[in-house]
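# Geometric and topological summary
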Amino acid sequence: MDNLSDALKKLKITTTDSRADSLEGCLDCLLQALAQNNTETSEKIQKSGVLQVFASLLTPQSSCTAKVANIIAEVARNEFMRNPCVDAGLIPPLVQLLNCKDQEVLLQTGRALGNICYDSHTLQSQLINMGVIPTLVKLLGIHCQNAALTEMCLVAFGNLAELESSKEQFAYTNIAEELVKLFKKQIEHDKKEMIFEVLAPLAENDVIKLQLVEAGLVECLLEIVQKTVDSDKEDDIAELKTASDLMVLLLLGDESMQKLFEGGKGSVFQRVLSWIPSNSHQLQLAGALAIANFARNDGNCIHMVDNGIVQKLMALLDRHVEDGNVTVQHAALSALRNLAIPVVNKAKMLSAGVAEAVLKFLRSEMPPVQFKLLGTLRMLIDAQAEAAEQLGKNVKLVERLVEWCEAKDHAGVMGESNRLLSALIRHSKSKDVIRTIVQSGGIKHLVTMATSEHVIMQNEALVALALIAALELVTAEKDLENAQLVQILHRLLSDDRSAPEIKYNSMVLICALIGSEPLQKEVQSMAFLEVVSKLRSHENKTVAQQASLTEQRLAVES
């Protein structure tokens, strides 16, 4: 039967009791027409109204079911046909067919659902709510020998795994086990790539991360790295990147990371360490990122510093000082920053020369590297007075910080520069450091920092400014006046939204500022007594007590 119109008419009056051979002839005619001109035939199918008929033909008992699902899959390749398929009520019977045992029916059903829901998060969410995920995972396990069905399941997983709501459902299945089992069998690059595309979004979920580790994915990834590391084939280079990136992703989960760390004695941890001195930039990057991920709790950090990781990272950075790889620089600095968080590590890392190694990147024009450099130095000098003084007297560093405090296009760099300037003063409490910062033009940035939207930054700025006023008021006097510090303090004290610690430190600073004649005049001219006296009844006792002390001090000076 080659007449499309006749076939559509016959299908329109078809019932479930119609003869199978007559139905098959009509369906074959449609498939043939779709193969010749999909778009035109799809339009005719839509206009004819047979889509509604298809819903009744999608039954497990019918011998025509696979062909009907195939036709739906073909028409749904056209975007304009997807809503009509939904409106014709085709999704529920198709979902039911996923429980069928016939492999051809399963394949065409999967294709039909995939095409109808393609690129539609709404429809994909509907499928998830209808429970397709456990069904598809079960199918993958049962039909893993059927290449076409396996591919259909992987494509479906790839699409559904992008949705956050799917990950909880996947976590309740044995998807990790099935994918790892399937992965181990693959030889072809394309097949591995397809599984990788499912693993990456799934591995964003912490529960699934752990399941993948327990299913043995890490061993598969390490094997790929070993096989591809020295190859210059395009496919091998791509596989090396994907495997090492996925390895780093698995380490982002706290439980999966700790399981692989195994107290610093784990074979996986040791293998990852061997990546750092590698000649492959990709492995150097993955190794440094992996160390940064292992360095997410104090115990791991202390163990790693005691076992020479810092020296390995510094050697890596040394290889990337001149025209180095920016991503490797960024990753190595991230790892050093994390390792510097525990108090006991700071002095050890400073003795090892980390500050000097980091300062080599002061010339970098790359904001991500600048950001990590600043964060690493700030972590290192926390409560380390000698190091803070040494760095604070480094004119080149301070001048660069002042320059970066104006990097308005890079809020992270600007914020970290301000915080490091403040930290140099707070931790060194050194007159020399203050003089260096004043001479480099840093005072105005600390005053601006006191108006930050982040309380922690406001507080750090106010403490640093109070130390400046206590130790080197005469040197900083002019800059403090030009930066309108007194007006800013008045605003902070008058604002009901200011945090108690901000009010407290603002008053401490006011008391220090009145040691300067021009600043004292400003304080007197702005009626601070009135603002401070109101704070004597503040609900926070420390603020109230400081208000009383400040009021007395202001009264004496007036």
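Residues numbered from 1 in each chain as written. Predicted model: local features only at pLDDT ≥ 70, side-chain atom pairs only at ≥ 80, totals over all residues. Heavy atoms only, no water.

As annotated in an unreviewed UniProt entry, the protein chain carries the name Rap1 GTPase-GDP dissociation stimulator 1 and is attributed to Aquila chrysaetos chrysaetos.

The next point concerns the packing of helix 3 (residues 38–48) against helix 5 (residues 65–75). In contact at an axis separation of 10 Å, helix 3 and helix 5 are set at 115° when each is read in the N-to-C sense. On the basis of their axis angle, the class for helix 3 and helix 5 is roughly perpendicular. Of the two elements, helix 3 crosses helix 5, and the hand of that crossing is left-handed. Here helix 3 contributes Asn38, Ser42 and Ile45 to the contact with helix 5, which in turn contributes Ile71, Glu74 and Val75. Of the residues assigned to the contact of helix 3 with helix 5, the class counts are three nonpolar, two polar and one charged. (Axes fitted to C-alpha atoms, helices over the stretch in contact; angles between N-to-C directions. Helix = DSSP H or I, 4+ residues; strand = E, 2+ residues; numbered from the N terminus. Parallel < 35°, antiparallel > 145°, perpendicular 65-115°, else oblique. Left-handed = near helix turned anticlockwise from the far one by under 90°. Contact = heavy atoms within 4.5 Å. Nonpolar A, V, L, I, M, F, W, Y, C, P; charged D, E, K, R; others polar.)

Across all of its chains, the model carries one cavity of 30 Å³ or more by this definition. In this structure, the largest cavity occupies an estimated 40 Å³ of space. With four residues, helix 13 (residues 175–185) is the single largest residue contributor to the lining of the largest cavity. Partitioned by chemical class, the residues of the lining of the largest cavity number three nonpolar, no polar and three charged. (1 Å grid on protein atoms, 1.4 Å probe; cavity = no way out; pocket = protein on both sides within 12 Å on 5 of 7 lines; lining within 4 Å. Points joined across faces, edges and corners; volume = space filled by probe spheres on them.)

This paragraph deals with the environment of Val75. Looking at the element boundaries, Val75 is found in helix 5. Considered as a pair, Val75 and Glu43 are 32 residues apart in the sequence and their alpha carbons are 8.7 Å apart. Other than its neighbours up to four places away in sequence, Val75 contacts Leu34, Asn38, Ser42, Ile45, Met81 and Cys85.

A word on the nonpolar core. In this structure, Phe54 and Leu339 are the most contacted members of the largest nonpolar core, which totals 199 residues. If you tally residues by element for this core, the top one is helix 32 (residues 455–471), at nine residues. (Core = buried A, V, L, I, M, F, W, Y, C linked by side-chain atoms within 4.5 Å. Buried < 20%, exposed > 50% of the residue type's maximum accessible area, 1.4 Å probe, protein only.)

Annotation from UniProt places "repeat: ARM" (unreviewed entry) at residues 89–116 and 308–340. Taken end to end, residues 89–116 is 75% helix and 0% strand, and its first and last C-alpha atoms sit 12 Å apart. The span residues 308–340 is 73% helix and 0% strand, and its two end C-alpha atoms sit 13 Å from each other. (UniProt positions renumbered as here; feature names shortened; annotations may be inferred.)

Okay, the layout of surface pockets next. Where empty space is left can be seen by rolling a probe of water-molecule size over the atoms. Empty space within the largest pocket amounts to approximately 380 Å³. Lining the largest pocket are 20 residues, with Gly110, Gly114, Met152, Val155 and Ala156 sitting closest to its centre. Elements that contribute at least two residues to the lining of the largest pocket include exactly helix 8 (103–116), helix 9 (121–129), helix 10 (132–142) and helix 11 (147–160). For the lining of the largest pocket, the element with the most residues is helix 11, which contributes seven residues. Looking at the lining of the largest pocket, its residues break down into 13 nonpolar, five polar and two charged. Taken as a whole, the second largest pocket encloses approximately 290 Å³ of empty space. Around the second largest pocket, the lining comprises 15 residues; the ones closest to its centre are Met414, Gly415, Asn418, Thr448 and Met457. Where the lining of the second largest pocket is concerned, the elements lending two or more residues are helix 29 (411–428) and helix 31 (443–449). Residue composition of the lining of the second largest pocket, grouped by class: five nonpolar, seven polar and three charged.

Attention now goes to the environment of Ile510. Here Ile510 is to be found in helix 35 (residues 500–513). Judged by its relative accessible area of 1%, Ile510 falls in the buried class. The spatial distance from the C-alpha of Ile510 to the C-alpha of Trp404 is 28 Å, given a sequence separation of 106 residues. Once residues lying within four places of it in the same chain are set aside, the contact partners of Ile510 are Leu489, Val523, Phe528, Thr550 and Leu554.

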